[in-house]
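Per-entry structural report
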Amino acid sequence: MKFLVTGGAGFIGANFVNYMVKKYPEDMFINLDKLTYAGNLENCKESENEPNYKFVKGDIADREFIFDLFEKERPDVVVNFAAESHVDRSIEDPEIFVKTNVLGTTTLLDASREFGVTRYHQVSTDEVYGDLPLDRPDLFFTEETPIHTSSPYSSSKAAADLFVKAYHRTYGLPVTISCCSNNYGPYQFPEKLIPLMISRATADEKLPVYGDGANVRDWLYVLDHCKAIDLIIRHGKVGETYNIGGHNERSNLQVVKTVLNAVNKPESLITYVQDRKGHDRRYAIDPAKIENELGWKPEENFDTGIAKTIQWYLDNEDWWKNILSGDYQNYFQKMYVDKGRVEE
Ligand code: NAD
Ligand code: TDX
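Note that the coordinates shown come from a computational prediction; the quantities given were computed from them, not determined experimentally.

**Examining the pairing of strand E8 (residues 207-210)**
Every second residue of E8 is oriented toward a common face, the buried set being Leu207 and Val209 and the non-buried set Pro208 and Tyr210. Where E8 and strand E12 (residues 270-273) come together, 4 bridges link them in parallel fashion. Residue pairing across strands places Val209 opposite Tyr272, the latter belonging to E12.

Written as structure tokens, this is what we have:
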């Protein structure tokens, strides 16, 4: 089988590519990524020289490019991770979120329809369900929860999901969708809560907590997400959405204190800053469907996953220091263009 994985130089996409390339040596994996600020080819270094892996630089919203690529490569399976993914950036500048997340998705759907695929999988998020109140711990997001978005980011992801469903119903495209809770783990860009706090705490910098820090997120170790997607692609029912989460709810303040404790830094580094506009209060996934239908279970809980993750960031300081200094953006030029391995 030939897989087209989009956004494979980003956090979750890279973890997925590295996992799949190793696990399925008989399958071919094409990693298509625009290499925006969030894309970093160092994330896929371990797959770089594998015979069943290939990188292509390009934009999922570039119709001509995407159709040419499908004509040339004829992928069997498309897994769409490519997106603008940061809520705060979407509040500053929504337009690129519409372009990549909505138009990029419909472009991939059109190409999948035109050339035929056995599966189109859309990587979506629990943020499409809006938020839950803090005082109702009995409530969870199920696949039946109505779409109710808060930010330009979540609205763009929800819009994309609606198109994916429409292409199934209208054209019979064999699609699946997964809505996962907050991920953490190796290679997460240090603008997101956990890597931001680890990098700043180790440098004795102030840790900016939005609002009162009581907002709750449901944290899942990234490899558990990747394994769930692998299962859905192979065994999930066409046309269905699967929620992914491991019942690991923590308030932001709990997360930040866990990080401080692990790196031996004082809680006095915490600084409360102005709240995010429209800040969702609580996310919590009910994973019963994927557990019962596909037998998925997370292998990490928050305590084991966060310990691994913090250790990874401590062991890989060069990786995030390169990002913070902007050096990583030269990597593609140096490793690919200058060596004549790909054309710009
Ligand atoms: P990320 O920002 O780390 O990576 C996104 C990748 O997509 C980058 O490599 C970037 O270069 C690439 N990209 C962006 N625009 C592109 C375009 N127009 N064409 C081709 N490539 C493009 O994001 P992430 O955290 O790895 O998230 C991956 C996917 O998972 C997203 O669709 C996101 O909505 C979803 N998701 C993320 C989380 C989370 O906690 N991070 C949770 C649930 C779902
Ligand atoms: O500096 C910060 N201070 C802070 O208090 C940052 C960056 C975040 N926060 C809070 C906001 C959220 O309540 O921490 C929580 C987590 O924030 P993010 O890491 O920005 O994640 P979130 O907004 O929850 O969205 C993430 O999970 C769902 C991903 O970025 C999305 O791509 C995914 O769909």
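More follows now that the structure is in view.
**Description of the nonpolar core**
By size, the foremost hydrophobic cluster in this structure holds 54 residues, and its most contacted members are Phe3, Phe16, Val79, Phe81 and Ile194. No other element matches helix H1 (residues 11-23), which puts 8 residues into this core. Contacts of Phe16, omitting those with residues within four sequence positions, involve Val5, Val79, Phe81, Cys226, Ile229, Asp230 and Ile233. Counting residues in each nonpolar core, the second largest holds 30 residues, with Leu69, Val78, Leu132 and Ala284 among its members.

**Focus on helix H10 (residues 302-315)**
The terminal C-alpha atoms of H10, which comprises 14 residues, lie 20 Å apart, in line with the 20 Å expected from a rise of 1.5 Å per residue. When H10 is considered as a whole, its buried residues turn out to be Phe302, Gly305, Ile306, Thr309, Ile310, Trp312 and Tyr313. Seen from one end, H10 has its buried residues packed into an arc of 155 degrees, which puts them on one side. Of the exposed residues in H10, the ones pointing more than 90 degrees away from its buried face are Asp303 and Asp315. Summarising the contacts, the buried residues of H10 are in contact with strand E7 (182-184), helix H6 (193-202), strand E9 (216-221), strand E11 (249-251), helix H8 (252-262) and helix H11 (317-325). The distance from a side-chain oxygen at the start of H10 to the backbone nitrogen of Asp303 is 3.0 Å, and the residue carrying that oxygen is Asn301.

**Section: the pattern of salt bridges**
Pairs can form between side chains of opposite charge once their charged atoms are near each other. What the rule picks out here adds up to 24 salt bridges. Between Asp204 and Lys265 there is a salt bridge, and its shortest N-O distance comes to 3.0 Å. Of this pair, Asp204 sits in the loop between H6 and E8 while Lys265 is found in the loop between H8 and E12, placing the two residues 61 residues apart along the sequence. Note that Glu240 and Lys289 form a salt bridge whose closest N and O atoms lie 2.6 Å from each other. One end of the pair, Glu240, is in the loop between helix H7 (222-235) and strand E10 (241-244); the other, Lys289, is in helix H9 (residues 288-294), with 49 residues separating them in the sequence. The partly exposed category is assigned to Glu240, whose relative accessible area is 27%.

**Focus on the side chain of Asp161**
Mapped onto the secondary structure, Asp161 falls in helix H5 (residues 152-171). In this structure Asp161 is buried but unpaired, with Lys157 as the nearest side chain of opposite charge at 5.9 Å.

**Focus: the sheet that holds strand E2 (residues 28-33)**
Strand order in the open sheet formed by 7 strands is E3-E2-E1-E4-E5-E6-E10, and the pairing between neighbours is parallel. Looking along the sheet, the strands with just one partner apiece sit at the ends: strand E3 (53-57) and E10. Looking at each pair of strands side by side, their axes are set apart by 20 degrees on average, direction ignored. With 4 bridges joining them, strand E6 (residues 175-180) and E10 adopt parallel strand pairing. For Cys180, the partnering residue across the bridge sits in E10 and is Ile244. Sheet strands touched by helix H4 (residues 95-115): strand E1 (2-6), strand E4 (77-80) and strand E5 (119-125). Its angle to E5, the strand with the most contacts, is close to 165 degrees.

**Examining the site of ligand 2**
With respect to spatial proximity, 21 residues lie near ligand 2, and among them Thr125, Glu127, Tyr153, Arg276 and His279 are the closest. Protein burial of ligand 2: of its 660 Å² of free accessible surface, 93% is covered by the chains. Here the shell around ligand 2 is built from residues that sort into 9 nonpolar, 7 polar and 5 charged.

**Remarks on the packing of H6 against H10**
Axis separation between H6 and H10 bottoms out at 11 Å; the angle between their running directions is 50 degrees. Between H6 and H10, the interaxial angle falls into the category oblique. In terms of crossing hand, the pair formed by H6 and H10 is right-handed. Facing H6, whose interface residues are Ile194, Pro195, Ile198 and Thr202, H10 presents Phe302, Ile306, Thr309, Ile310, Tyr313 and Leu314.

**Considerations on the packing of aromatic side chains**
Applying the stated rule across the entire model yields 17 aromatic pairs. Consider the rings of Phe16 and Phe81, whose centres lie 5.1 Å apart with planes at 50 degrees: the pair is tilted. You can see Phe16 sitting in helix H1 and its partner Phe81 sitting in the loop between E4 and helix H3 (87-92), a full 65 residues away along the chain. Each member of the pair, Phe16 as well as Phe81, carries the same accessibility label: buried.

The rules behind the values
Residues numbered from 1 in each chain as written. Chains lettered and ligands numbered in written order. Predicted model: local features only at pLDDT ≥ 70, side-chain atom pairs only at ≥ 80, totals over all residues. Heavy atoms only, no water. Buried < 20%, exposed > 50% of the residue type's maximum accessible area, 1.4 Å probe, protein only. Helix = DSSP H or I, 4+ residues; strand = E, 2+ residues; numbered from the N terminus. Pairing = 2+ DSSP bridges. Core = buried A, V, L, I, M, F, W, Y, C linked by side-chain atoms within 4.5 Å. Contact = heavy atoms within 4.5 Å. Expected span 1.5 Å × (residues − 1). Arc of directions from axis to C-beta. Polar contact = N/O pair within 3.5 Å; in protein donor to acceptor, adjacent residues only side chain to side chain. Salt bridge = Lys/Arg side-chain N within 4 Å of Asp/Glu carboxyl O. Lys, Arg positive; Asp, Glu negative; His and termini not counted. Axes fitted to C-alpha atoms, helices over the stretch in contact; angles between N-to-C directions. Near = heavy atom within 4 Å. Areas by Shrake-Rupley, 256 points an atom, 1.4 Å probe, with all protein chains shown as cover. Nonpolar A, V, L, I, M, F, W, Y, C, P; charged D, E, K, R; others polar. Parallel < 35°, antiparallel > 145°, perpendicular 65-115°, else oblique. Left-handed = near helix turned anticlockwise from the far one by under 90°. Phe/Tyr/Trp six-rings, centres within 6.5 Å; stacked < 30°, edge-to-face > 60°.

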